[in-house]
Amino acid sequence: MKTVFITGCSSGFGLEIAKFFLDKGWRVVATMRTPREDILPRSENLKVLALDVKDPDSIRQALRDAGPIDVLVNNAGIGWMNPLEGTPIETVRDIFETNTFGAMAIMRAALPQFRERKSGVIVNVSSSTTMKPLPLLCVYTASKAAINAFTESVALELEPFNVRVRIVLPGRSPETSFSATARSRVQGQGDIPEAYSSYVAALFAARGQQQDADVTRPADVVEAVWRAATDPSAPMRIPAGADALALAT
Ligand SMILES: NC(=O)c1ccc[n+]([C@@H]2O[C@H](COP(=O)([O-])OP(=O)(O)OC[C@H]3O[C@@H](n4cnc5c(N)ncnc54)[C@H](OP(=O)(O)O)[C@@H]3O)[C@@H](O)[C@H]2O)c1
């Protein structure tokens, strides 16, 4: 029986990925900043562990308590939608600490067991925002574009050890709490700067008129992560969701 270790399982994609792998008969280590057993089905194959990707001790502890794993899914992430001028440098650092350095730190901690066993898969959840420049997302996109470049490079040095690394690129998914959480974080940190308010209002008005047919469902992301984890012929970059697929073609 294979074991998957997933970050950010308290909600959204991470929670759905955990449920799906359990359904498929995998052992699942579902990690969260604040562990909650009740949001996942009861199962002897489930381990819920505390993990804050910004905390090295917590990474060490979670991987120790998890036991051997076969697949690591770096899903935890935070959003941010504000011009650069409205983004304090501490916030830039915080976004990179979570979205970029957090994933790298967990990979560093998990790699020795993969390398020694000459087997393992790492799936890094990025974003379709890296496929097309968008205003207000410059910092968030930078944190995910760094993950793309990093993943493609580290994949080469892990090939000799039979460790596979893939990137899943979800499109915009209104079904998760991601945007709402990002919005309240922006509001809590001074909101959009006044000088940009009319530009941002026009941007949102234009966006509101666009058709919203093409969005990403959590199930699209689950499917892409499953493919990355189980299909060695899967491409390096796997777009997830109709909007991400449209950008990729
Ligand atoms: N939804 C979208 O439109 C979209 C589009 C493209 C890519 N993505 C990416 O998909 C991933 C999942 O997003 P989602 O839509 O499922 O959003 P979500 O529901 O907000 O889930 C984000 C998860 O990350 C966790 N997290 C945040 N900071 C963490 C930390 N320091 N340590 C450990 N966990 C942490 C959150 O835990 P807490 O409950 O503790 O905060 C939560 O479980 C993210 O990497 C995001 O960038 C999302």
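Details of the structure are given in the entry above.
Numbering of residues starts from 1 in each chain and follows the order in which that chain's sequence is written. Totals for whole chains, interfaces and linings use all residues, but because this is a predicted model, local features are given only for residues with pLDDT of at least 70 and pairs of side-chain atoms are given and counted only at 80 or more.

## Concerning the site of the ligand
Item 1. As used in this record, a residue near a molecule or strand is one whose C-beta atom, placed from the backbone, is within 6 Å of it. Taken together, 29 residues form the shell around the ligand, and within it Gly8, Gly12, Ala76, Gly77 and Thr176 come nearest.
Item 2. For the purposes of this entry, the term helix denotes a DSSP run of H or I that reaches at least four residues, the term strand denotes a run of E that reaches at least two, and both are numbered from the N terminus. With three residues, the single largest contributor to the shell around the ligand is helix α1 (residues 12-23).
Item 3. Ten residue types, Ala, Val, Leu, Ile, Met, Phe, Trp, Tyr, Cys and Pro, are classed as nonpolar, four, Asp, Glu, Lys and Arg, as charged, and the remainder, Gly among them, as polar. Residues that form the shell around the ligand fall into these classes: nine nonpolar, 16 polar and four charged.

## Focus: the packing of α1 against helix α7 (residues 218-230)
The axes of two packed helices give the description: the angle between them and the distance between them.
Item 1. Geometry is summarised by axes, namely lines fitted to C-alpha atoms with helices restricted to the contacting stretch, and by angles between N-to-C directions that run from 0 to 180 degrees. The geometry of α1 relative to α7 is characterised by a closest axis approach of 9 Å and an angle of 55° between their N-to-C directions. Here α1 is positioned oblique relative to α7, judged by the angle of their axes. With respect to the hand of their crossing, α1 and α7 are arranged in right-handed fashion. Here Gly12, Phe13, Glu16, Ile17 and Phe20 of α1 come into contact with α7, specifically with Pro218, Val221, Val222, Val225 and Trp226.
Item 2. Each residue belonging to the contact of α1 with α7 can be placed in one class, and the counts come to eight nonpolar, one polar and one charged. Should an angle fall under 35 degrees it is called roughly parallel, over 145 degrees roughly antiparallel, and 65 to 115 degrees roughly perpendicular, with every other angle called oblique. Handedness of a helix crossing follows the sense of rotation of the near helix relative to the far helix, less than a right angle counterclockwise being left-handed and clockwise being right-handed. For the purpose of contact definition, each residue receives a C-beta atom placed from its backbone, and two residues are in contact when these atoms lie within 7 Å.

## A few points about the nonpolar core
Item 1. Core analysis: the largest hydrophobic core is formed by 51 residues, its most contacted members being Val4, Ile6, Leu72, Val123, Val168 and Val225.
Item 2. Per-element tally for this core: the top contributor is α7, with seven residues.
Item 3. Beyond its immediate stretch of four places on either side in the chain, leucine 72 contacts Phe5, Ile106, Met107, Ala110 and Ile122.
Item 4. Among buried residues, those of type Ala, Val, Leu, Ile, Met, Phe, Trp, Tyr and Cys that are joined through C-beta atoms within 7 Å form a set called a nonpolar core. In this scheme every C-beta is placed from the backbone, and a residue whose C-beta has 20 or more other C-beta atoms within 10 Å is buried, one with 12 or fewer is exposed, and one in between is partly exposed. With six residues, the next largest nonpolar core counts Met81, Ile95, Val139 and Tyr140 among its residues.

## A word on α1
Item 1. The length a helix should cover is 1.5 Å for every residue beyond the first. For α1, spanning 12 residues, the distance from its first C-alpha to its last is 17 Å, which sits close to the expected 16 Å at 1.5 Å a residue.
Item 2. The buried fraction of α1 amounts to nine of the 12 residues, a majority that puts the element mostly inside the structure.
Item 3. Listed as buried for α1 are Gly12, Phe13, Gly14, Leu15, Glu16, Ile17, Ala18, Lys19 and Phe21.
Item 4. Positive backbone phi, approximately 85°, marks glycine 25, located one or two places after α1.

## Brief notes about the environment of arginine 36
Item 1. With respect to the element layout, arginine 36 can be found in the loop between β2 (27-32) and β3 (46-50).
Item 2. The class of arginine 36 is partly exposed, set by 13 C-beta atoms lying within 10 Å.
Item 3. Taking the C-alpha atoms as reference points, arginine 36 and asparagine 75, 39 residues apart in sequence, are found 17 Å from one another.

## A few points about the packing of helix α2 (residues 56-66) against helix α3 (residues 89-117)
Item 1. At a closest axis distance of 10 Å, the pairing of α2 and α3 adopts a crossing angle of 40°. By the criterion of interaxial angle, the relationship of α2 to α3 is oblique. The handedness of the crossing between α2 and α3 comes out as right-handed. In contact with Pro56, Ile59, Arg60 and Leu63 of α2, α3 contributes Ala105, Ile106, Ala109 and Ala110.
Item 2. Grouping the amino acids of the contact of α2 with α3 by side-chain chemistry returns seven nonpolar, no polar and one charged.

## Overview of unusual backbone geometry
Item 1. Within the chain, asparagine 162 stands out as a residue other than glycine whose phi angle is a positive 60°.
Item 2. Take asparagine 162: it is sitting in the loop between α4 (138-158) and β6 (163-170).
Item 3. By the C-beta count within 10 Å, which is 14 here, asparagine 162 ends up partly exposed.
Item 4. Its identity as a non-glycine residue notwithstanding, aspartate 191 has a phi of 65°, on the positive side.

## Some points on the sheet that holds strand β1 (residues 3-6)
Item 1. In short, DSSP must find at least two bridges between two strands for them to pair. Taken together, seven strands build an open sheet; the order of strands is β3-β2-β1-β4-β5-β6-β7 and the sheet is parallel. Each of the sheet's edge strands pairs with one partner strand only, and the pair in question is β3 and β7 (237-240). Each adjacent strand pair in this sheet contributes to an overall mean axis angle of 20°, direction not counted.
Item 2. Pairing of β1 with β2, which is carried by four bridges, proceeds in the parallel orientation.

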